[in-house]
Amino acid sequence: MTHISIRRFRGRRSSDVACIYGFIVRLSNLNNVRRVAKNALALSFTSTARILLGVALQVYIARALGAAGLGKYAIILAFINIFQIVSELGLPALVIREAARRRQAASAFLYATALAQLAGAGAAWALLALSAVALRYPADTTRLILLSGAALVPYAWSSACETLFQAQERMEFIPLVELLGNGCQLGLAVWLISAGYGVNALPAIIVIPQVVGAFFSLGIAGALGWLTPARLDLAFSWRLVRAAPDFFLLALSVVIFSRLDILVVSKLLGEQATGIYNAAYQVVRVVNLGAASYSDAIYPAFSRLYREAPERFAAIGRRALQYGLMAVLPIATGTTILAAPLIAAIFRRAQYAEAVPILQILSWLCVPFLVSAILSRLLLAGNQQRISLQISLIKLAAAGFYLLLLTPLWGLKGAALASVAGTFTGALLNWLFVTRRLAALGMRDLAAKPVLAAFGMGAIVFFLPDRLELGFSVALGAIIYGVLLLLMRAFTGEDWLLLQQLTFSRVGPSRQPNHLIGPQRDMSDGGHP
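A few points on the structure.

Parameters at a glance
Residues numbered from 1 in each chain as written. Predicted model: local features only at pLDDT ≥ 70, side-chain atom pairs only at ≥ 80, totals over all residues. Heavy atoms only, no water. Axes fitted to C-alpha atoms, helices over the stretch in contact; angles between N-to-C directions. Helix = DSSP H or I, 4+ residues; strand = E, 2+ residues; numbered from the N terminus. Parallel < 35°, antiparallel > 145°, perpendicular 65-115°, else oblique. Contact = heavy atoms within 4.5 Å. Nonpolar A, V, L, I, M, F, W, Y, C, P; charged D, E, K, R; others polar. Salt bridge = Lys/Arg side-chain N within 4 Å of Asp/Glu carboxyl O. Buried < 20%, exposed > 50% of the residue type's maximum accessible area, 1.4 Å probe, protein only. Polar contact = N/O pair within 3.5 Å; in protein donor to acceptor, adjacent residues only side chain to side chain. Phe/Tyr/Trp six-rings, centres within 6.5 Å; stacked < 30°, edge-to-face > 60°. Lys NZ or Arg CZ within 6 Å of the ring centre and 35° of its normal. Core = buried A, V, L, I, M, F, W, Y, C linked by side-chain atoms within 4.5 Å.

### Things to note about the packing of helix H4 (residues 106-134) against helix H5 (residues 139-148)
1) Next: At their nearest, the axes of H4 and H5 sit 9 Å apart, and the two run at 175° to each other. As the angle between them shows, H4 and H5 are arranged roughly antiparallel. For the pair H4 and H5, the contacting residues are Trp125, Leu128, Ala129, Ala132 and Val133 in the first and Thr142, Ile145 and Leu146 in the second.
2) Next: Classifying every residue of the contact of H4 with H5 gives seven nonpolar, one polar and no charged.

Here it is as structure tokens:
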């Protein structure tokens with residue numbers, strides 16, 4: 001399209017052509033940003049409810065079963081999360097990238113992915129059992145881990161469907177499935193724990209919602225026309241598995257890294273301390289899950305743009321980092337200052353006062369986590385999965401070293417410092433390799449204004465009277481932060497135009513001047529306007 005426009009103006013001065021071409025590219029780039037933003041919003045709005053339900057579940061368990069019960073639940077989840085990745089065999093990241101480029105083959109990718117992952121789920125359950133026995137947890141905890149492993153089987157199907165939802169950029173279905181599952185979890189937890197089942201209810205709380213989510217995913221896949229009659233192509237499944245070892249090791253290292261602190265704390269400090277640590281982490285978890293959804297929404301666009309429009313690839317990467325930093329920096333700053341009233345308001349038990357200094361440290365985890373999540377997606381989209389794997393392995397080794405060094409020295413505070421240091425190590429390595437292999441992102445320019453605005457907000461909130469309500473302090477901090485960003489002109493004209501596009505997208509056609517960019521192409525082939 002843009003080439004036709006340039007030929008149309010070939011007889012004019014080159015400066016005019018360059019000006020028009022630049023305007024066209026900016027508009028087309030804005031259209032890609034708009035699509036990414038809409039995917040991110042589709043995830044984030046419903047994901048907010050999903051995440052809050054997940055946190056509400058852990059808060060209920062913390063209040064009903066105490067720190068020791070919450071510690072058991074955290075240990076079980078750590079095992080389930082790690083072996084869920086084992087069951088996936090590294091296929092999601094690979095299939096998202098490839099299926100985003102071959103949209104008409106959705107059914108073939110779904111069947112091949114599901115077949116491989118269901119086989120992987122059986123193997124993962126066996127490995128989970130061996131690992132739980134080998135680590136010699138208390139007998140009741142080991143039994144609960146083994147029973148909860150049944151969740152791996154329905155998860156294999158749900159994961160395959162979610163992979164195709166992402167590849168087809170139908171991400172609005174992902175939070176719906178998870179919202180249903182988390183709602184079911186919370187309802188089961190309240191029913192079973194209040195009925196007196198205590199920690200014995202934990203396996204049912206984990207397994208049953210996975211079954212519900214699998215059936216719901218099956219219905220959505222059928223409605224989208226992906227469940228067409230087809231033979232099971234074992235050869236295609238095997239080709240995918242053989243192509244995915246780097247993705248598998250990468251995903252496995254990432255999930256072990258994310259749960260390593262829980263496993264180390266549980267073995268070195270016990271289940272009670274694990275519950276205190278996990279209570280502090282719940283506040284950070286909300287932000288990190290939002291950051292993960294945000295980076296997942298952007299990944300398919302990264303994959304297409306790297307191949308078809310490298311100049312847009314770098315621009316979308318910079319914009320994604322800019323918006324992400326604007327969101328997480330004030331949260332980290334505010335959480336550090338308001339940690340005590342937050343913990344008191346959420347958990348309402350005196351024993352969780354020990355979580356306050358842990359939260360003040362862990363609140364800074366969300367900044368390098370967001371940066372690392374986005375940059376790692378850039379590396380995967382740029383076919384740099386081997387580099388991404390090496391980064392993850394180095395980050396995992398560093399985190400293990402930090403945890404084993406600092407946890408015995410300083411207890412839970414040491415574990416929190418080690419987690420932040422490990423995540424920062426990964427973010428730094430991701431930034432170095434993205435800059436060297438793919439594109440210079442200008443992190444200093446992207447972060448300068450959000451950092452100044454966040455710390456300006458923090459300085460004001462810090463001196464607010466303690467008697468103020470928590471909600472009022474949070475709202476006032478948000479207003480101050482927004483005003484500081486506006487005063488520093490952190491938003492460009494394209495940012496405001498994008499906001500206007502998103503605002504009016506529900507009530508009519510795009511306000512973009514289509515006569516300048518030509519007719520829209522059919523998006524079913526993965527192309528771009």
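Now that the structure has been shown, the text picks up again.
### Side note on the pattern of salt bridges
1) Next: Under the definition given, this model contains four salt bridges.
2) Next: Residues Asp140 and Lys72 are paired through a salt bridge, measuring 2.9 Å at the closest nitrogen-oxygen approach. With Asp140 in helix H5 and Lys72 in helix H2 (residues 14-88), this pair connects stretches of sequence that are 68 residues apart.
3) Next: As a salt-bridge pair, Arg97 and Glu98 come within 3.0 Å of each other at their nearest N and O atoms.
4) Next: One salt-bridge network, in which partners are shared between bridges, spans Lys72, Asp140 and Glu271.

### Re the side chain of Ser295
1) Next: Position of Ser295 relative to the elements: it lies in helix H11 (residues 271-308).
2) Next: Look at Ser295 and you get buried, because its relative accessible area is 1%.
3) Next: Of note is the side chain of Ser295, whose polar atom sits 2.9 Å from the backbone oxygen of Ala292.
4) Next: Excluding anything up to four places from it in sequence, Ser295 contacts Ala373, Ile374 and Arg377.

### Things to note about the packing of aromatic side chains
1) Next: Within the structure shown, the criterion is met by 10 aromatic pairs.
2) Next: Taking 5.6 Å as the distance between ring centres and 35° as the angle between the ring planes, the aromatic pair formed by Phe165 and Trp226 counts as tilted. Here Trp226 lies in the loop between helix H8 (202-223) and helix H9 (234-243) and Phe165 lies in helix H6 (residues 152-167), a separation of 61 residues in the sequence.
3) Next: We classify Phe165 as buried; its relative accessible area is 1%.
4) Next: Through successive ring pairs, a cluster of aromatic residues spans Phe165, Phe173 and Trp226.
5) Next: One Lys or Arg, Lys395, reaches over the ring of Phe257 and ends 4.6 Å from the middle of that ring.

### Some thoughts on the nonpolar core
1) Next: Core analysis: the biggest nonpolar cluster contains 80 residues, and Phe109, Leu110, Leu164, Leu240, Phe302, Leu321 and Leu325 have the highest contact counts within it.
2) Next: Not counting the four nearest positions on each side in its chain, Leu110 is found in contact with Trp157, Ala160, Cys161, Leu164, Ala221, Trp226 and Leu227.
3) Next: Judged by nonpolar contacts, the second largest core, of 77 residues, contains Leu57, Phe257, Ile343 and Leu359.

### Comments concerning unusual backbone geometry
1) Next: A positive phi is found at Leu89, a non-glycine position, where the angle reads about 60°.
2) Next: Here Leu89 shows up in the loop between H2 and helix H3 (91-101).
3) Next: In this structure Leu89 comes out as partly exposed when scored by relative accessible area, which is 23%.
4) Next: Even without glycine at this site, Arg348 takes up a positive phi of about 55°.

### Brief notes about the environment of Gln384
1) Next: Relative to the assigned elements, Gln384 resides in the loop between helix H15 (366-381) and helix H16 (385-437).
2) Next: Residue Gln384 is classed as buried on the basis of its relative accessible area of 15%.
3) Next: As for Gln384 and Leu438, which are separated by 54 residues in sequence, their C-alpha atoms are 9.1 Å apart.
4) Next: Within the local environment of Gln384, its side chain forms a polar contact with the side chain of Arg437, the two groups lying 3.2 Å apart.

The values reported here are purely geometric and, on their own, carry no functional implication.
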